[in-house]
Amino acid sequence: MKDAEILSVIRTRASTRKYLDKLISQDIIDKILEAGIFGPSVVGAQPGRFIVVKNREMIKAIDAVMKTNAGKVGFGSGMMTYVAKIIESAPALIVVYNTRCVSERVKKISELYYENIKLAEFEAIAAAIQNMVLIAETLGVGTCWLDIPVLFEREINDIVRAEGRMVAIVTMGYVSDEPTQRSPRKDYSKTVEMRE
Ligand SMILES: Cc1cc2nc3c(=O)[nH]c(=O)nc-3n(C[C@H](O)[C@H](O)[C@H](O)COP(=O)(O)O)c2cc1C
């Protein structure tokens, strides 16, 4: 793929928050996961773990947990119910975890590097997520990267039978042909500084 094509995928991708009632084949989901697995990671350790949830009852249970607890988070329940609806509408989710496989080892060796590596693990997982949302775009699958559900990590872990540190949920689904609203970006000059 040429640079212009990659940039075009990056520029046209947009978060999608409402999906058609259409399943995504395992073949397509596997391609998306492969893109995540092939992301860069600190010392090549791949600290991410991806739990794919297609089970409708589990998706509904996550939606219910968020709606039930919407009032408890201190910033109004609107945001929570908004995100719960995105999850409910999705035919598949990737619940992303940080296994902390590197930091747990480094902790015993260097307190200083431990602080660094904790951040590096998250960076590696974010790179994997970005790879997944981009390849999904090329496969015609819309996604939304969500951090709000992490507030209910304990409850969601019980639902999806997982342990550990949840980083995000990525919702996936086909979207209608309507053009997706693009979020504006800051000007180049407000984001980039040159030192020549
Ligand atoms: C780390 C992270 C967390 C996010 N969490 C949420 C979320 O909880 N709810 C939501 O609706 N969107 C969430 N988003 C999506 C952003 O709102 C979205 O990427 C941003 O507004 C830019 O829009 P675009 O993705 O359409 O370009 C998140 C994105 C990132 C990278």
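Throughout what follows, the structure given in this document is the object of discussion. These figures come from a predicted structure and were not determined experimentally.

**Describing the site of the ligand**
Then step 1. Lining the immediate surroundings of the ligand are 14 residues, of which S15, R17, W145, D147 and R185 lie closest.
Then step 2. Between the ligand and the protein, one listed contact pairs an oxygen atom with a side-chain N or O atom of R17 at 3.0 Å.
Then step 3. At 2.8 Å, a side-chain N or O of R185 approaches an oxygen atom of the ligand.
Then step 4. In isolation the ligand has 610 Å² of accessible area, and contact with the protein removes 69% of it.
Then step 5. When residues of the shell around the ligand are traced back to their parent elements, those giving at least two are α4 (78-89) and β3 (142-146).
Then step 6. Here the shell around the ligand is built from residues that sort into eight nonpolar, two polar and four charged.

**Some remarks on the pairing of β3**
Then step 1. When you tally the buried positions in β3, you get four out of five residues, the bulk of the element.
Then step 2. Bridge analysis of β3 against strand β4 (residues 165-173) gives five bridges, and the strand direction is antiparallel. Residue G142 lies in a different strand from β4, and its bridge partner there is G173.

**Re helix α3 (residues 56-68)**
Then step 1. The end-to-end C-alpha separation of α3 is 18 Å, in line with the 18 Å expected for 13 residues at 1.5 Å each.
Then step 2. When α3 is considered as a whole, its buried residues turn out to be M58, I59, I62, D63, V65 and M66. The arc enclosing the buried residues of α3, seen along the axis, measures out at 160 degrees, which places them on a common side. Exposed side chains of α3 directed beyond 90 degrees from the buried face belong to E57 and T68.
Then step 3. In this structure, the buried side of α3 is in contact with β1 (48-53), α4, β2 (92-98), α7 (153-160) and β4.
Then step 4. The opening residue of α3 is N55, an N-cap whose side-chain oxygen sits 2.9 Å from the backbone nitrogen of E57.

**Section: the environment of I86**
Then step 1. As for its placement among the helices and strands, I86 is situated in helix α4.
Then step 2. C-alpha separation for the pair I86 and A14, spaced 72 residues apart in sequence, amounts to 14 Å.
Then step 3. If sequence neighbours within four positions are ignored, I86 has contacts with T16, R17, Y19, C144, L146 and T171.

The rules we used
Counting restarts for each chain, with residues numbered from 1 along the sequence as it is written. Local features in a predicted model are, by the rule used here, given only for residues with pLDDT of at least 70; side-chain atom pairs are given and counted only at 80 or more, and totals for whole chains, interfaces and linings are based on all residues. Side-chain descriptors were evaluated using all non-hydrogen atoms of the structure, hydrogens and water having been removed beforehand. Here a residue is considered near a molecule or strand provided that any single heavy atom belonging to it is located within 4 Å of it. Contacts described as polar in this section are N or O atom pairs within 3.5 Å, which, within protein, must combine one atom able to donate a hydrogen with one able to accept it, while residues neighboring in sequence count only if both atoms come from side chains. Here, Shrake-Rupley sampling with a 1.4 Å probe gives the accessible areas, and only protein chains in the shown set may cover a residue. Under the scheme used here, helices are H or I runs from DSSP no shorter than 4 residues and strands are E runs no shorter than 2 residues, and both carry numbers assigned from the N terminus. Here the nonpolar group is Ala, Val, Leu, Ile, Met, Phe, Trp, Tyr, Cys and Pro; Asp, Glu, Lys and Arg are the charged ones; every other residue, Gly included, is treated as polar. Each residue is assigned to one of three classes by its accessible area relative to the maximum for its type, calculated with a 1.4 Å probe on protein chains only: buried under 20%, partly exposed between the two thresholds, exposed over 50%. Here, any two strands with at least 2 DSSP bridges between them count as paired. In this analysis, the expected span of each helix is defined as 1.5 Å times one less than the number of residues it contains. This arc describes the spread of directions from the helix axis toward the C-beta atoms. Here a residue-residue contact requires only that any non-hydrogen atoms of the pair lie within 4.5 Å.

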